[in-house]
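As a plain string of letters, each chain reads:
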Amino acid sequence: MNDDALPSELCDEIRRRVFAPGFIRLTQSLTREGRPFRISLRPVRLKGEAFFQAEMTDDGRTQVRNLSEGPARKGLEQILSQAGKRDLHLVTAEGDLHVRVTKKGRPLVSRGKAKAPVEGAAVPEAPTHDRVKRQPLTDFDATLLLRVLGLADDRGAIKPSMRGKYDQVNALLRAVEPLLPDAPPATFTVVDCGCGKAYLTLALQRFLVCAKGWPSVRVIGIDRNAEVVASARAMANALGLGPEEADFRACAIADADLPKAPDLVMSLHACDTATDDALIAAVRTEASRILCVPCCQHELHHALVGGGPMRAALRHGILRERLADLLTDTFRAQVLRICGYRARVMEFVSPEATGRNLLIRAERGLRPGLGEALAEYRGLCDFWGVEPYIGKALVPASEA
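Residues numbered from 1 in each chain as written. Predicted model: local features only at pLDDT ≥ 70, side-chain atom pairs only at ≥ 80, totals over all residues. Heavy atoms only, no water.

Participant: Help me understand the pairing of strand β11 (residues 264-268) in this model?
Facilitator: Successive side chains on a regular strand alternate, one facing one side of the sheet and the next facing the other. Most of β11 sits out of view: five of its five residues are buried. Both faces of β11 are covered, namely the face carrying Leu264, Met266 and Leu268 and the face carrying Val265 and Ser267. Relative to β11, strand β8 (residues 188-193) runs parallel, the two sharing three bridges. Its bridge partner lying in β11, Val190 is registered against Leu264. Two elements, β11 and strand β12 (residues 289-293), share four bridges in a ladder whose sense is parallel. Across the sheet, Val265 pairs through a bridge with Ile290, a residue of β12. (Buried < 20%, exposed > 50% of the residue type's maximum accessible area, 1.4 Å probe, protein only. Helix = DSSP H or I, 4+ residues; strand = E, 2+ residues; numbered from the N terminus. Pairing = 2+ DSSP bridges.)

Structure representation (structure tokens):
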């Protein structure tokens with residue numbers, strides 16, 4: 001048995017709950033050979049029969065298989081036998097079970113209560129996999145778009161390996177919609193900082209033009225990786241979009257020559273301070289709206305030195321890591337408020353989909369430099385003995 005194997009009684013509980021009525025989903029995330037690896041198991045019904053759908057994502061590549069109970073039990077044993085630092089999240093009608101295994105092999109277990117008493121409560125049935133859920137990308141004929149993005153095959157059917165990405169793009173489009181104005185401007189300009197493969201960049205452009213009927217939408221994608229920028233340009237050409245509709249640039253966010261007052265600046269899972277660079281660019285260009293899904297955050301992890309009576313939390317690696325993540329996004333939202341934005345922090349997707357599930361949504365409209373916001377910011381900096389990257393760029397020294 002591995003030194004960091006889960007306790008046998010915990011494994012027995014997971015086995016029981018996975019193959020009992022009320023099972024909803026099991027997800028495990030870890031790093032394998034230096035690459036992010038995630039596997040999930042959930043019940044589905046195919047043509048009236050019960051199966052378990054296994055979805056495995058290895059370094060961005062997703063595979064999906066539908067398993068009968070026997071192979072599903074073998075798959076569960078493989079999940080439970082994994083070694084190293086990892087996160088396991090089980091969701092059932094009994095409530096949630098979350099297990100985080102530290103680098104030293106110590107399992108940290110937390111539980112959530114059932115949303116309704118188990119006795120006498122209706123047990124949720126396995127969702128059918130035969131019906132098509134209405135998504136923003138079904139609001140218009142997205143066949144060409146889905147083919148160009150590589151999400152669909154030649155017949156227009158979503159590839160099983162790309163189902164997760166298809167659902168993610170739809171979820172992001174739903175997150176953008178509350179930020180959209182009731183009436184579009186003559187040209188709606190979107191800047192995507194750290195656009196990557198530009199799935200959302202191009203999907204948003206087509207959605208606003210084809211589904212919403214907006215007359216002119218221009219998207220600008222920024223990424224340091226020249227290869228993905230070249231790929232994004234090729235996809236834009238395949239969609240018939242010229243530079244005035246889809247413009248992709250290979251450069252650092254800080255070096256990009258961005259238009260004044262863009263209607264929306266996005267940053268989705270840009271690593272570490274690249275998220276801050278995107279927020280800094282949004283504020284300096286006086287963007288009307290901001291949508292940000294932060295990714296990994298390391299700046300404050302080793303910088304936290306204060307904390308007063310909360311300093312005890314810094315002695316534990318896992319608590320320090322989680323605290324640094326929360327404080328990083330707290331500082332980001334607070335600096336946006338200081339700079340004149342109404343900022344909200346919310347869950348973007350469920351924790352079982354990704355641990356990085358916070359979304360910062362902001363709209364310009366406050367008076368910059370509000371005294372209360374500055375006082376709260378100064379208090380946070382003094383309490384934790386830090387000066388965040390985003391604050392150094394956007395909060396003048398005389399005010400901070």
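And the narrative resumes.
Participant: Would you take a moment to explain the environment of Leu304 for this structure?
Facilitator: Counting through the fold element by element, Leu304 comes out in the loop between β12 and α8 (317-338). The buried category is assigned to Leu304, whose relative accessible area is 3%. Linking Leu304 and Leu314, residues 10 residues apart in sequence, is a C-alpha distance of 7.8 Å. When neighbours within four sequence positions are excluded, Leu304 is seen to be in contact with Leu314, Arg320, Ala324, Leu327, Trp384 and Val386. (Contact = heavy atoms within 4.5 Å.)

Participant: How should the pattern of salt bridges be read in this particular structure?
Facilitator: Pairing of side chains with opposite charge becomes possible as their charged atoms draw close. All chains considered together, the criterion is met by 19 salt bridges. Between Arg332 and Asp329 there is a salt bridge, with its nearest N and O atoms 2.9 Å apart. Placement of both Arg332 and Asp329 in helix α8 is noted, with a separation of three residues, approximately one turn of the helix. Note on Asp329: relative accessible area 6%, which makes it buried. A salt bridge links Arg337 to Glu376, with the nearest nitrogen and oxygen atoms 3.1 Å apart. With a gap of 39 residues between them, Arg337 in helix α8 and Glu376 in helix α9 (residues 371-384) connect regions that are remote in the sequence. Look at the salt bridges and you will find they share partners, linking Glu13, Arg16, Arg17, Glu94 and Arg111 into a network. (Salt bridge = Lys/Arg side-chain N within 4 Å of Asp/Glu carboxyl O.)

Participant: Looking at this structure, I do not really get the packing of helix α1 (residues 8-18) against helix α2 (residues 69-80). What am I missing?
Facilitator: For any two helices packed against each other, one specifies the crossing angle of their axes together with the interaxial distance. The contact between α1 and α2 brings their axes to 11 Å, and the two run at 150°. Crossing of α1 against α2: the hand is right-handed. Residues Cys11, Ile14, Arg15 and Val18 of α1 pack against Leu76, Glu77 and Leu80 of α2. Class assignment of the residues belonging to the contact of α1 with α2 gives a composition of five nonpolar, no polar and two charged. (Axes fitted to C-alpha atoms, helices over the stretch in contact; angles between N-to-C directions. Left-handed = near helix turned anticlockwise from the far one by under 90°. Nonpolar A, V, L, I, M, F, W, Y, C, P; charged D, E, K, R; others polar.)

Participant: Help me understand the packing of helix α4 (residues 163-176) against helix α5 (residues 199-211), please; the structure alone is not making it clear to me.
Facilitator: Two numbers describe how α4 lies on α5: the axes approach to 10 Å, and their chain directions differ by 55°. Taken together, the axes of α4 and α5 lie oblique to each other. The two elements α4 and α5 cross, and the hand of that crossing is right-handed. Between α4, through Lys165, Val169, Leu172, Leu173 and Val176, and α5, the contact on the second element is made entirely by Tyr199, Leu200, Ala203, Leu204 and Phe207. Per-class residue counts for the contact of α4 with α5 are nine nonpolar, no polar and one charged. (Parallel < 35°, antiparallel > 145°, perpendicular 65-115°, else oblique.)

Participant: When you look at the state of the cysteines in this model, what are you seeing that I'm missing?
Facilitator: Put plainly, a disulfide is one covalent bond tying together the sulfur atoms of two cysteines. This model, assessed by the stated rule, comprises zero disulfides. Cys193 takes part in no disulfide bond, and the closest cysteine sulfur, belonging to Cys195, lies 9.0 Å away. For Cys193, a relative accessible area of 1% puts it in the buried group. Free cysteine: Cys292, not disulfide-bonded; nearest cysteine sulfur from Cys193 at 9.7 Å. (Disulfide = S-S within 2.5 Å.)

Participant: Can you walk me through the pairing of β8 in this structure?
Facilitator: Within β8, six of the six residues are buried, which leaves it mostly tucked inside the rest of the structure. Alternating positions in β8 separate into two faces, Phe188, Val190 and Asp192 on one and Thr189, Val191 and Cys193 on the other, with burial throughout. Relative to strand β9 (residues 217-223), β8 runs parallel, the two sharing six bridges. Note on β9: the bridge partner recorded for Val190 is Val219. A crossover links β8 with its parallel partner β9, the connecting element being α5, and its sense is right-handed. (Right-handed = clockwise from strand over helix to strand, strands pointing away.)

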